[in-house]
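Examining the three-dimensional arrangement
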Amino acid sequence: MDIKISFPDGAVREFAAPTTGMAIANDISSGLRRNAVAVKVNGALWDLTREIAADAQVEIVTRDTDEGLEVLRHDAAHIMAEAVKELFPETQVTIGPAIEDGFYYDFAREEAFTPDDLVTIETRMRDIVRRNETIEREIWDRQQAIDYFKSIGEEYKAEIITDLPETEELSIYRQGEFLDLCVGPHLPSTGILRDGFKLTKLAGAYWRGDSNNAQLQRIYGTAWSDKKQLKAYLKRMEEAEKRDHRKLGKTLDLFHIQDEAPGSVFWHPKGWALYQVVQQYMADRQYERGYKEIKTPILVDFSLWERSGHAEKFSDDMFTLETDDRRYAIKPMNCPCHVQVYNQGLKSYRDLPLKLAEFGSCHRNEMSGALHGIMRVRSFVQDDAHVFCTEEQIQSEVTEFIDFLHAVYKDFGFTEIVYKLSTRPELRVGDDEVWDRSEKALEKALNDNGLDWDLQPGEGAFYGPKIEFSLKDCIGRLWQCGTMQVDFSTPGRLGAEYVAEDGSKKAPVMLHRAILGSIERFLGILIEQHAGAMPAWLAPQQVMIATIVTDANDYAEEVCAALRAHGIRAEVDLRNEKIGYKVREHSLQKIPAILAIGMREAEEKTLAVRRFGSQNQTTMTLDDFITSFTQEVENRELMAATPNAE
RNA sequence: GCCUGCAUAGCUCAGUAGGUAGAGCAACUGACUUGUAAUCAGUAGGUCGUUGGUUCGAUUCCGACUGCAGGCUCCA
């Protein structure tokens, strides 16, 4: 009997039933068969060797596609597990998925793996690939599977199966002596993985992601369709690490952190200049959009935190101190203080929405292992603001905020933003009906803006749902920056109210929101985004005036004074060095414009302008330079447009 | 906080099978007055993260602590 197989290009061909993905690929071309790793049957990923017995829509998945790579990476994880079981039979295997760029597998073993073990394991993996073991899919009975894994000491696997829904079909993949529970699909044999993989790092990971559980040993690896792709990836990572903000913070002399103040930043003149540009920019944009900037205390009596609910939920993260028989907390958040400002004087519905903003200095006693450069610190400043509004105003305020955030991120050059919506957790305050409305409001705002977003069920704050806006660092790690949180609880707890149209007193809704998140974290991402070469409007030092001969010093000073008078951040380099030396040094410092001044320029009252990223020089008058550079800064241009961008 | 690893000059790094360390750049001094990514010569610079132990002797071996890196957990 023949079955009809239709392909993505619309073609339909008949095959004798049953057939397989492998047979179909082979029938199309030997090249396709060689590159095939799986097959999509009516949209579901299947093993190449699995029988196709009825008419179907079929697509061969090749090794260089995203889905193909996922299969390869998943197989790499299984092959690693097989290698580990061969080398260290006392080890229990747990789970091992494919992840972005690679894979990992979590192992339970008394003894710790060493970096040397990684080399041994990788070598054994290559043996297994060379053996080209057949990988077979088997359907097992639930109890049989539990008994089997228990019998070989794989308690974790048995636990996984026990927790699977009864209805689930149990597929077990067999490769050589190694059997693993897995939904698949997998390669027909281990040899197909080839040699585009490498084990990268060793880490601890909690069983089922819960820090109350046992800690397992996780081995990470990366895997690609071939060795060339692997090398390209390793090269990419190496290049990306050059953009690390911690490295650039040092070489560009922006900031440092030292042992005596872990998680707190010492800002150097150039770093602080950048910091202030960003903060002032934010202050101006907020002013334009009707925010009122305030400043509240850092040290506040602990009782306020008890009333706000922070003491209960946050006390582990709070720094506290006792003096004169009073207990204080160093604020970890600004919200309770903002409510105190709101509470001064009677508010009417006509005052809403009231937007109170603060560059609030917060301190949180983050766990030592969580600290990371200036991205995750213990002392940071939030571009925090609280919008006090009525329930009816939530929707428009959230929409307005997303628009605001986009405008800001665009100015800084960020285009890739990851959106997440976190909804009601189990432990929460407020009626479900109110939660329904606020979650809907956030969801609608995301959808109205046509954004792709991920749902994080149960991840919301106890007082309300939130949207998280995350940006990626140089190696693709995600950092939450912006946030929008709906809060029905805090205003009531802290006695905030307004007089409504009907004369009754009501508690306002509070929207906690930040765009940069923390200025420290945002600057870290910003530095990595631009690889330290900041656009003119952000560059801490915008212009360096470098003299060629000492006789040009006076003119150089004159130029510097004129630039500074126009608000341009300029310095002079009068050192007795060759121009080539100065150009090299200031280029390495990634200064947007170097103005070289020799006798020619001094006599003609001109400048030789060299922009960062270009080898060219353009001679122009001081006035022309000031005009064009000022324009570039005012427009917040991301790329040097004039005078000689490459 | 947990797991693994790391800590040598201002920076980037080398080194010691246990006998108190070296390079390049930077700094300082002198010469050179220079035209777009490193001018030459000389000088100086280190309790080898802190702290216990083993040893005749520890920067090196072992332990603790602190910090950092990667990951987990947690978060802006």
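This next bit is on the pattern of salt bridges. Within the structure shown, the criterion is met by 48 salt bridges. Here the salt bridges do not stand alone but share partners, grouping E82, E86, R124, D127, R130, R131 and E133 into one network.

Here we take up helix 7 (residues 227–241). An α-helical turn contains 3.6 residues, so any two residues separated by three or four positions project in the same direction. Taking 1.5 Å of rise per residue, the 15 residues of helix 7 would be expected to cover 21 Å, and the 21 Å separating its terminal C-alpha atoms lies within 8% of that figure. Listed as buried for helix 7 are L230, Y233 and A240. All buried residues of helix 7 fall inside an arc of 85° around its axis, so they share one side. Exposed and oriented more than 90 degrees from the buried face of helix 7 are K228 and K231. Where helix 7 is buried, its residues contact strand 14 (197–206) and strand 15 (215–223). Its side-chain oxygen placed 3.1 Å from the backbone nitrogen of K228, D226 serves as the N-cap of helix 7.

Packing of helix 5 (residues 142–151) against helix 6 (residues 155–163) leaves a shortest axis separation of 7 Å and a crossing angle of 165°. Classed by the angle they form, the pair helix 5 and helix 6 counts as roughly antiparallel. You can see that helix 5 and helix 6 cross each other, and the crossing is left-handed. Every residue of helix 6 that contacts helix 5 at R142, A145, I146, F149 and K150 is listed here: E155, K157, A158, I161 and T162.

Moving on, we come to the pairing of strand 1 (residues 2–6). Pairing geometry for strand 1 and strand 2 (residues 12–16), over 5 bridges, is antiparallel. Bridge pairing links K4 to E14 in strand 2. Counted along the chain from strand 1 to the antiparallel partner strand 2, the turn is 5 residues long, and its residue G10 has a positive phi close to 95°. One ladder, built from 2 bridges, connects strand 1 with strand 7 (residues 56–62); its direction is parallel. Across the sheet, the residue bridging to S6 is Q57, located in strand 7.

A few words on the sheet that holds strand 34 (residues 606–611). The strand order across the open sheet built from 5 strands is 32-31-33-34-35, with neighbouring strands paired in mixed fashion. Strand pairing shows two members of the sheet lacking a second neighbour, strand 32 (570–573) and strand 35 (618–621), which therefore form its edges. Strand-to-strand twist in this sheet, taken as the mean axis angle between neighbours without regard to direction, amounts to 30°. Sheet topology places strand 33 (residues 593–597) next to strand 34; 4 bridges connect them, and they run antiparallel. Each residue of the ladder has a partner; that of I594, found in strand 34, is R610. Helix 17 (residues 553–565) rests against strand 31 (543–547), strand 32, strand 33 and strand 34 of the sheet, and its axis sits at about 170° to strand 32. Across the face of the sheet, helix 18 (residues 579–588) comes into contact with strand 31, strand 32, strand 33 and strand 34 while running at roughly 165° to strand 31.

With that settled, consider the protein's contact with RNA strand B. Taken together, 58 residues lie near RNA strand B, and Q215, R376, Q480, N576 and E601 sit nearest. Q480 places a polar main-chain atom, nitrogen or oxygen, 2.4 Å from a sugar or linking oxygen of RNA strand B. Residue S518 places a side-chain N or O atom 3.3 Å away from a base nitrogen belonging to RNA strand B. Elements represented by at least two residues in the surface near RNA strand B include exactly strand 14, strand 15, helix 8 (245–251), strand 23 (379–389), strand 27 (478–487), helix 18, helix 19 (599–604) and strand 34. Per-element tally for the surface near RNA strand B: the top contributor is helix 18, with 7 residues. Split by residue class, the surface near RNA strand B holds 23 nonpolar, 18 polar and 17 charged.

Turning to unusual backbone geometry, a few remarks are in order. The omega angle of the peptide bond from A17 to P18 is -10°, so this bond is cis rather than trans. Looking at where P18 falls in the secondary structure, it is placed in the loop between strand 2 and strand 3 (19–20). If you check the backbone angles, R208 has positive phi at about 60° while not being a glycine. Positionally, R208 belongs in the loop between strand 14 and strand 15. Since its relative accessible area comes to 45%, R208 is described here as partly exposed. Phi is positive for K605, close to 55°, though the residue is something other than glycine. With respect to the helices, strands and loops of the structure, K605 is situated in the loop between helix 19 and strand 34. We classify K605 as partly exposed; its relative accessible area is 43%.

Scanning all chains against the criterion turns up 24 aromatic pairs. Seen from their ring centres, Y105 and F107 are 5.2 Å apart, and the 20° between their planes marks the pair as stacked. Here F107 falls in the buried class, since its relative accessible area comes to 0%. Put simply, the rings of Y281, Y409, F412, F414, F522 and W537 pair up and form one aromatic cluster. Just above the ring of F197 sits the side chain of R126; from NZ or CZ to the centre is 4.4 Å.

Assigned domains within chain A: domain 1 (3–62), domain 2 (67–241), domain 3 (258–296 + 332–529) and domain 4 (543–634). Taking only C-alpha atoms, the centre of domain 1 and the centre of domain 2 are 27 Å apart. With 15 residues of domain 1 at the interface, the matching set in domain 2 holds 12 residues. Buried surface at the junction of domain 1 and domain 2, both sides included, amounts to about 1,000 Å², of which 56% is carbon and sulfur. Three residues, V37, L45 and D47, lead the burial of domain 1 against domain 2; their summed loss comes to 47% of the area buried on that side. Counting across the domain 1 and domain 2 interface gives 2 salt bridges. Residue D47 is joined to R137 by a salt bridge in which the shortest nitrogen-to-oxygen separation is 3.8 Å. Put simply, domain 1 and domain 2 have 4 residue pairs in polar contact (both at pLDDT 80 or more) between them.

What counts, and where the lines are drawn
- Every residue gets a number counted from 1 within its own chain, in the order that chain's sequence is written.
- Each chain takes a letter, starting from A, and each ligand takes a number, starting from 1, following the order in which they are written.
- Under the rules for a predicted model, residues below a pLDDT of 70 receive no local features and side-chain atom pairs below 80 are neither given nor counted, while totals for whole chains, interfaces and linings still include all residues.
- As a convention, hydrogens and water are excluded, and side-chain values are obtained from all of the structure's heavy atoms.
- By salt bridge we mean one thing: a side-chain nitrogen of Lys or Arg within 4 Å of a carboxyl oxygen of Asp or Glu.
- Each helix is a run of H or I in the DSSP string that is no shorter than four residues. Each strand is a run of E no shorter than two, and both are numbered from the N terminus.
- A helix is expected to span 1.5 Å for every residue after the first.
- Only protein chains enter the accessibility calculation, which uses a 1.4 Å probe. A residue is then buried if its area is under 20% of the maximum for its type, exposed if over 50%, and partly exposed in between.
- Here the arc refers to the directions that run from the helix axis out to each C-beta atom.
- Contact criterion: two residues are considered in contact whenever any of their non-hydrogen atoms come within 4.5 Å of each other.
- Polar contacts here mean pairs of N or O atoms no more than 3.5 Å apart (in protein, one a potential hydrogen donor and the other a potential acceptor; neighbouring residues in sequence count only if both atoms are side-chain atoms).
- Each axis is a line fitted through C-alpha atoms, taken for helices only over the stretch in contact, and angles between the N-to-C directions span 0 to 180 degrees.
- When describing relative orientation, an angle under 35 degrees is termed roughly parallel and one over 145 degrees roughly antiparallel, while 65 to 115 degrees is termed roughly perpendicular and anything else oblique.
- Helix crossings fall into two classes, left-handed where the near helix is turned counterclockwise from the far one by less than a right angle and right-handed where it is turned clockwise.
- Any two strands with at least two DSSP bridges between them are considered paired.
- For this description, a residue counts as near a given molecule or strand if any of its non-hydrogen atoms is within 4 Å of it.
- Each residue gets one label: Ala, Val, Leu, Ile, Met, Phe, Trp, Tyr, Cys and Pro are nonpolar, Asp, Glu, Lys and Arg are charged, and the others, such as Gly, are polar.
- A pair of aromatic rings is counted whenever rings of Phe, Tyr or Trp (Trp by its six-membered ring) have centres within 6.5 Å, and the orientation is called stacked for planes under 30 degrees apart, edge-to-face for over 60 and tilted otherwise.
- Consider the ring centre and the ring normal. A charge sits over the ring if Lys NZ or Arg CZ is within 6 Å of that centre and within 35 degrees of that normal.
- As annotated, the domain borders come from an automatic or database domain assignment.
- Defined in terms of a 1.4 Å probe, buried area is the accessible area two parts forfeit on being brought together, summed over both.

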